[in-house]
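# Examining the three-dimensional arrangement
Read off the chains here:
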Amino acid sequence: MDSDCMNKILKNIFAPLIFVALLFLGAGSQSVIASENIIHSINMEVMLNEDGSATIKALWDMSQYEGTEIYIPMGSNKVSQVIDFTVSEEGKVYENLGNDWDTDGSLEEKRFKNGINESSDQQELCWGIGSYGKHLYQLEYTITNFVRKTSDGKYMIFWKFFNDSMNIPIDKMTVHINAFSKMPAADLRVWGFGFEGETEILDEGTIFAQSHGKINYFTVLSILPDGLFQTEVEMDESSEDIIDKAKDGSDYAEVDGDGFSLSDLLAFLAIIPPFIAVATAIATIISSGNTSHSYRSELRIKDYDGQYWRDVPLEGDIHIAILPLDGLHFGDEDSIMTAYFLKWIKEGYLVVVDDKKVRGFFNKKSKKNKKALQIDADKFHKENKMASDIELDLFSMIEEASVDGILEAKEFTEWATDEYDRLEEWQDDIYASSESVLCEEGYYRYNKKRSWLKLNQLEPTSKGKLLEENIIKFRNYLLDFSLLNERGAINVHLWDDLLIWAAMLGIADEVYEEFSKLYPEYIVQTNMTPEAIYWSHYYPSHAISAASNASASSSSGYGGSTSFTGGGSSFGGGSGGGFR
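The notes below deal with the structure included here. Please read these numbers as outputs of a predicted model, since none were measured by experiment. (Residues numbered from 1 in each chain as written. Predicted model: local features only at pLDDT ≥ 70, side-chain atom pairs only at ≥ 80, totals over all residues. Heavy atoms only, no water.)

Bringing the sheet that holds strand 16 (residues 371-375) into the picture now. Read across the open sheet, the 3 strands follow the order 15-16-17; overall the sheet is antiparallel. Edge positions in the sheet fall to strand 15 (350-354) and strand 17 (406-408), since each has one partner strand and no second. Here the strands of the sheet are splayed against their neighbours by 35° on average, with no regard to which way each runs. (Pairing = 2+ DSSP bridges. Helix = DSSP H or I, 4+ residues; strand = E, 2+ residues; numbered from the N terminus. Axes fitted to C-alpha atoms, helices over the stretch in contact; angles between N-to-C directions.)

Within the largest apolar cluster, 82 residues are counted, with the highest numbers of intra-cluster contacts made by Phe341, Trp344, Phe412 and Tyr539. Excluding its chain neighbours within four sequence positions, the residues that come into contact with phenylalanine 412 are Met337, Phe341, Ile398, Ala401, Leu407, Tyr539 and Ala543. One finds Ala54, Leu125, Met183 and Leu221 within the second-largest nonpolar core, a separate group that totals 67 residues. (Core = buried A, V, L, I, M, F, W, Y, C linked by side-chain atoms within 4.5 Å. Buried < 20%, exposed > 50% of the residue type's maximum accessible area, 1.4 Å probe, protein only. Contact = heavy atoms within 4.5 Å.)

Our focus in this paragraph is the pattern of salt bridges. A complete count under the given rule lists 19 salt bridges for this structure. Where aspartate 326 meets arginine 296, a salt bridge forms, and the shortest distance between an N and an O atom there is 3.5 Å. Taken together, the positions of aspartate 326 in helix 7 (residues 322-327) and arginine 296 in the loop between helix 6 (274-288) and helix 7 put the pair 30 residues apart, joining distant regions of the chain. One salt bridge in this structure joins lysine 343 and glutamate 347, with 3.4 Å as the shortest N-O distance. What makes glutamate 347 partly exposed here is its relative accessible area of 26%. (Salt bridge = Lys/Arg side-chain N within 4 Å of Asp/Glu carboxyl O.)

Per the stated rule, a full pass over the model turns up 25 aromatic pairs. Taking the centre distance of 5.6 Å and the plane angle of 70° together, the rings of tryptophan 127 and tyrosine 137 count as edge-to-face. Of this pair, tryptophan 127 sits in strand 8 (residues 122-128) while tyrosine 137 sits in strand 9 (residues 133-143), and the two are 10 residues apart along the sequence. Take tyrosine 137: its relative accessible area is 0%, and that puts it in the buried class. Here the aromatic rings of phenylalanine 341 and tyrosine 539 are separated by 6.3 Å at their centres, their planes lie at 40°, and the arrangement is tilted. Placement of phenylalanine 341 in helix 8 (residues 333-346) and of tyrosine 539 in helix 17 (residues 530-556) is noted, with a sequence separation of 198 residues between them. (Phe/Tyr/Trp six-rings, centres within 6.5 Å; stacked < 30°, edge-to-face > 60°.)

Take the packing of helix 8 against helix 10 (residues 389-401) next. Contact geometry of helix 8 with helix 10 gives a least axis separation of 11 Å together with a crossing angle of 80°. Looking at the two axes, helix 8 sits roughly perpendicular to helix 10. Taken together, the residues of helix 10 that come into contact with helix 8 (itself represented by Met337, Tyr340, Phe341, Lys343 and Trp344) are Ile390, Glu391, Leu394, Phe395 and Ile398. Taken together, the residues that form the contact of helix 8 with helix 10 break down as 8 nonpolar, no polar and 2 charged. (Parallel < 35°, antiparallel > 145°, perpendicular 65-115°, else oblique. Nonpolar A, V, L, I, M, F, W, Y, C, P; charged D, E, K, R; others polar.)

Turning next to helix 3 (residues 239-247). What helix 3 keeps buried is the set Ser239, Ile242, Ile243, Ala246 and Lys247. End-on, the buried residues of helix 3 take up no more than an arc of 130°, which puts them together on one face. Glycine 249, located one to two residues past helix 3, shows a positive phi value of around 80°. (Arc of directions from axis to C-beta.)

Our next topic: empty space enclosed by the protein. Counted under the stated rule, the structure contains 3 cavities of 30 Å³ or more. Approximately 100 Å³ is the volume found for the largest cavity. In terms of lining, the largest cavity is formed by 13 residues, of which the most central are Ile72, Tyr141, Lys160, Phe161 and Phe162. Counting residues per element, the ones that place at least two in the lining of the largest cavity are strand 2 (54-64), strand 3 (69-76) and strand 11 (155-162). In terms of residue count, the dominant contributor to the lining of the largest cavity is strand 11 (4 residues). (1 Å grid on protein atoms, 1.4 Å probe; cavity = no way out; pocket = protein on both sides within 12 Å on 5 of 7 lines; lining within 4 Å. Points joined across faces, edges and corners; volume = space filled by probe spheres on them.)

On the surface, Asp389, Asp393, Glu414, Asp418, Glu419, Asp421, Glu425 and Asp429 cluster together to form a negatively charged patch. Taken together, the elements giving at least two residues each to the negative patch come down to helix 10, helix 11 (409-418) and helix 12 (420-440). Broken down by element, the negative patch gets its largest block of residues, 3 residues, from helix 12. Residue aspartate 389 is classed as exposed on the basis of its relative accessible area of 58%. (Patch = residues over 30% accessible without salt bridge, like charges linked within 9 Å, V, L, I, M, F, W, Y side chains within 5 Å. Areas by Shrake-Rupley, 256 points an atom, 1.4 Å probe, with all protein chains shown as cover. Lys, Arg positive; Asp, Glu negative; His and termini not counted. Charge placed at Lys NZ, Arg CZ, Asp CG, Glu CD.)

Right, let's get into the sheet that holds strand 8. Here we have 5 strands laid out as an open sheet, ordered 6-7-8-3-21, and mixed in their pairing. Strands with a single pairing partner mark the edges of an open sheet, and in this sheet they are strand 6 (95-96) and strand 21 (578-579). As paired strands, strand 6 and strand 7 (residues 113-118) are joined by 2 bridges and run parallel to one another. Bridge pairing in strand 7 places asparagine 96 opposite asparagine 114.

The next point concerns the pairing of strand 3. Most of strand 3 sits inside the fold, with 7 of its 8 residues counted as buried. Judged from the 6 bridges that link them, strand 3 and strand 8 form a sheet pairing that is antiparallel. Residue isoleucine 70 lies in a different strand from strand 8, and its bridge partner there is tryptophan 127. Where strand 3 meets strand 21, 2 bridges bridge the pair, whose relative direction is antiparallel.

Printed below as a string of structure tokens:
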């Protein structure tokens, strides 16, 4: 075994601090194709003013190669309006044209200019691109009536800071929210919607939200201290009604369940003395130093368009694939767990059945489509004596979560909430095992040229680069359905294995649909039904989300993981935008 692989300095408790430094300095960012329109990052500072308005300063780091302007629809202007909009770049302040913005102007006419395009029902913030390439724009503007008062006397903010349906993708985003006067942390509550990330309430009373994965939109909802703001807008709805509406369809709704809600738990934990929060924060830093998921491949996916690899990578071994899959942004812990669930369904250890336990008289209407997983534990343990510890541990978790051999989604979610530390340890073990095996087999190594910026940095060998290239090409192969005819006669075992890997790559639904079109007899012979694919993803994703929420709530007392869905009916923020 390569001694460098064993010498994992990144497990030192200072590794998270180094990783944060890498993020801010851009060392961990991916290469961007020269002609790709992308927002590398948005860093936003929000100051809540005493009159209920908010002054926003945002730093947009982006590259664009089309259009003449960037525009941001701000939603309805009936209650809140944008005023005092300015843009600057590298110290040069743009000329503010106010409401005289001409969307039809040329690239040159809009250079170093900004303004507001206003219609009868909404405003758009606009500024000229000036020249194609990479830019660092500094935006500042004020939104009136940003803070609202609810019918039960609470003060709230509920804003979409980054729109859905933007025509430019975004890599990462952070938002810091402060007030003109320090807000007591114990009086704050916060949720995030539309992105994979986390929210936190810092000791100094700052509301913090950041992404660490996909961003569809970026909405933050927060309860603020009573009596601090003199807002003029009073709403007809209560704070809890607004929160419940925002949670509808979100991961928070699944975690909350009935009775004692997550919001109640957060409010309760907020009274824990500060020294406990500090102690748990230190413990979290030490714990988070035990693993580092910071490896990112330098390969560019588009460079391999039209190239194919027809063999299942790594001989189909599931859990050791997470390092290259995560590095290529193709898969994560959720994908690995989904693949195991599908594997177990294929082999008959899990069977999708009607969930009769939730089909009672009162629940018949709302839960009639719920499915459960019937577990054949005896068969699994008899046939898997040589299985990996990763697989055995995960199977033992679903056995524990089920009290009678029939696993409900709610049971697994509740188990994950109670045993979040065990599930998170399992997720860390996946990365550690993948890293160890792939280093030992010569796919990866640690960079021996270490500095304070590159501390024991993981990098692929030529063998590892070839592995990553083949994974990209294999994904291309699965998505180029015309090539699947090459497989000839149906081999259910082989096609099932392809589908399991498709799940690891996040494309199982598309691949299954084409399988069924090319070979209708496949869907008759396989256990991999559309229901099996759906529930194999549903169970893991909700369990991981629940564990993440429980972990964050337990360690900090408030804040936690965000929901990728939900957050509807926000006070402001629009849809669409980007370049034009």
